[in-house]
Each structure stands twice: as C-alpha cells, then as structure tokens.
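Inside the fold
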Amino acid sequence: DYKSKTARDQRDALRAAGRVPILAGHHENASSMAIEARKQLKDIEGGKYAFAPEFGDIELCGLSRDPVGSWTRTLIDFYGSKVPDGVVCWDYKTTAGTANPTLLGGKMDDFFAFQAAFQERIIVTLKPALAGRVRWKFLVQENEPPYLCSVVEPNSGARTIAHKQVAAAVAIWKACID
C-alpha cells in the first residue's frame, strides 16, 4: 500500500519518471486476468486476432476535426486494421459483476453502442472509405477468479440510435465551444 512515506515517495518518483506504479497484489491480479483472457479469446470467434500487434494497433489514439468543426479524440484499445476479414475494433472492459452477456442488460448495449459510434465517427472522419465497414467487439471480463470473459457486439438498432446521439452530442459540444 502507499501508507508509508517511503512507499509514497517511491510511487511519486516512478510517476515523475513517466512510469506507472502498481501495487504487487494488483499486478498479480491483472497478470492472471490477462493470462485467462488470452486463453478464453482462443475459443471466441475472431478472438485470435484481438489485441495481437501483428493484426493491428494497441491503444491507438484518434484525433480529428469533426465535420461540424469541433475537435474530437478517442483511445481505441485495439484497432484491428490487419484482420483478414476487415477492420475490427476491440475494447476491453472489466466488471466486479458478471460477464454473462444475457445479464449485462440493455443499458450496457447502449453504452457499448455509443462508444462504438463515437469512435467510428472519428475513424470515418480520418478514413472515409471505412464508413459502415468497421466492426466492434467488447471483451468483458470478470475481475475475480476464474476471470470469465464474454464478447458483446452492439446490435444494429442500438448502433443506429447511438450514431444519432453522437451526432447530437458533437453538435452540442461545438455550440458550447462557440
């Protein structure tokens, strides 16, 4: 923990050096989660391409001037531009609850759809030829053993609504900036 002055000083020194300190127990848990996610991805359709550097970019920052005139930016967990069957973006989410897709509920589908629509808007602004051709997958993983995973893809109805919501949000943002 960071209760002692020595531990806080070490943490602060690492941050000042551009590093990201993590407590040993958290590191062990995160490492175990990553190992289990990789195992489970092998059995998920398209999972062998997810988060693999040879098939795309990890932590890709997108920055664009939106058609309405405001700047937008996003951080895409995995931009799979070299996946054999087209561009597939993956996002990684953790949960203290269940990763069961039937129990995640419609609100999560709406949230995932909004994020996908926002990121797609930026991608298409930068690469118009990709309009309607980017697929989105969200890897949801429980943060307690056995670290179960599922993949959620926003349905077309949620995505259609999300595209309209994103357009409205960006327009409101632009009006506020002006």
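This text goes with the structure placed above it.
In this text, all values refer to a predicted model and were calculated from it rather than measured experimentally.

Notes on the environment of Leu23
Relative to the assigned elements, Leu23 resides in the loop between α1 (5-16) and α2 (24-41). Overall, Leu23 belongs to the partly exposed group, its relative accessible area being 26%. Not counting residues up to four positions away in its chain, the partners in contact with Leu23 are Asp1 and Tyr2.

Focus: the side chain of Gln141
Within the fold, Gln141 resides in strand β4 (residues 135-142). Of the residues examined, Gln141 reaches a relative accessible area of 0% and is grouped as buried. Those residues in contact with Gln141 that sit more than four places away from it in its chain are Met33, Glu36, Ala37, Tyr92, Lys93, Thr94, Thr95, Ala99, Tyr147, Leu148 and Cys149.

Considerations on the pairing of strand β3 (residues 88-95)
In summary, the side chains of a regular strand alternate between the two faces of the sheet. As paired elements, strand β2 (residues 71-80) and β3 share three bridges and run antiparallel to each other. Across the sheet, residue Phe78 finds its bridge partner in β3, namely Trp90. Examined bridge by bridge, β3 and β4 share eight bridges and lie parallel to one another. Directly across from Tyr92, in β4, lies its bridge partner Leu139.

Points about the packing of aromatic side chains
Tallied over the full model, the rule gives five aromatic pairs. Between Phe51 and Phe78 the ring centres are 5.8 Å apart and the planes differ by 50°, which places this aromatic pair in the tilted class. One end of the pair, Phe51, is in the loop between α2 and β1 (57-65); the other, Phe78, is in strand β2, and 27 residues separate them in sequence. Taking relative accessible area as the criterion, Phe51 reaches 24% and is therefore assigned partly exposed. Ring geometry for Phe112 against Phe138: centres 4.5 Å apart, planes inclined by 15°, an arrangement best described as stacked. On the criterion of sequence distance, the pair formed by Phe112 in helix α4 (residues 106-126) and Phe138 in strand β4 is long-range, its members being 26 residues apart. This pair shows no difference in class: Phe112 is buried, exactly as Phe138 is. Members of the aromatic cluster, each reached through a chain of ring pairs, are Phe51, Phe78 and Trp90. In this arrangement the basic side chain of Arg11 is found over the ring face of Tyr2, its NZ or CZ atom lying 4.9 Å from the centre.

Things to note about the pairing of β2
Within β2, seven of the ten residues are buried, which leaves the element mostly enclosed by the surrounding structure. Where β1 meets β2, eight bridges bridge the pair, whose relative direction is antiparallel. Bridging across to β2, Leu60 finds its partner in Ile76.

Re α2
The end-to-end C-alpha separation of α2 is 26 Å, in line with the 26 Å expected for 18 residues at 1.5 Å each. Of the residues making up α2, those classed as buried are Met33, Ala37, Gln40 and Leu41. Take α2 and look down its axis: the buried residues cluster within an arc of 90°, on one side only. In α2, the exposed positions angled more than 90 degrees off the buried face are occupied by Ala24, Glu28 and Arg38. Those residues of α2 that are buried lie in contact with β3, β4 and β5 (149-152).

Concerning the nonpolar core
Residues Tyr79, Cys89, Ile123, Val134 and Trp136 are the most contacted members of the largest nonpolar core, which totals 15 residues. Contacts of Cys89, omitting those with residues within four sequence positions, involve Ile76, Phe78, Tyr79, Ile123, Val134, Arg135, Trp136 and Lys137. Leu41, Tyr49, Trp90 and Cys149 belong to the second largest nonpolar core, which has ten residues in total.

Reading guide: rules and limits
Residues numbered from 1 in each chain as written. Predicted model: local features only at pLDDT ≥ 70, side-chain atom pairs only at ≥ 80, totals over all residues. Heavy atoms only, no water. Helix = DSSP H or I, 4+ residues; strand = E, 2+ residues; numbered from the N terminus. Buried < 20%, exposed > 50% of the residue type's maximum accessible area, 1.4 Å probe, protein only. Contact = heavy atoms within 4.5 Å. Pairing = 2+ DSSP bridges. Phe/Tyr/Trp six-rings, centres within 6.5 Å; stacked < 30°, edge-to-face > 60°. Lys NZ or Arg CZ within 6 Å of the ring centre and 35° of its normal. Expected span 1.5 Å × (residues − 1). Arc of directions from axis to C-beta. Core = buried A, V, L, I, M, F, W, Y, C linked by side-chain atoms within 4.5 Å.

These figures come from the coordinates and say nothing about function on their own.
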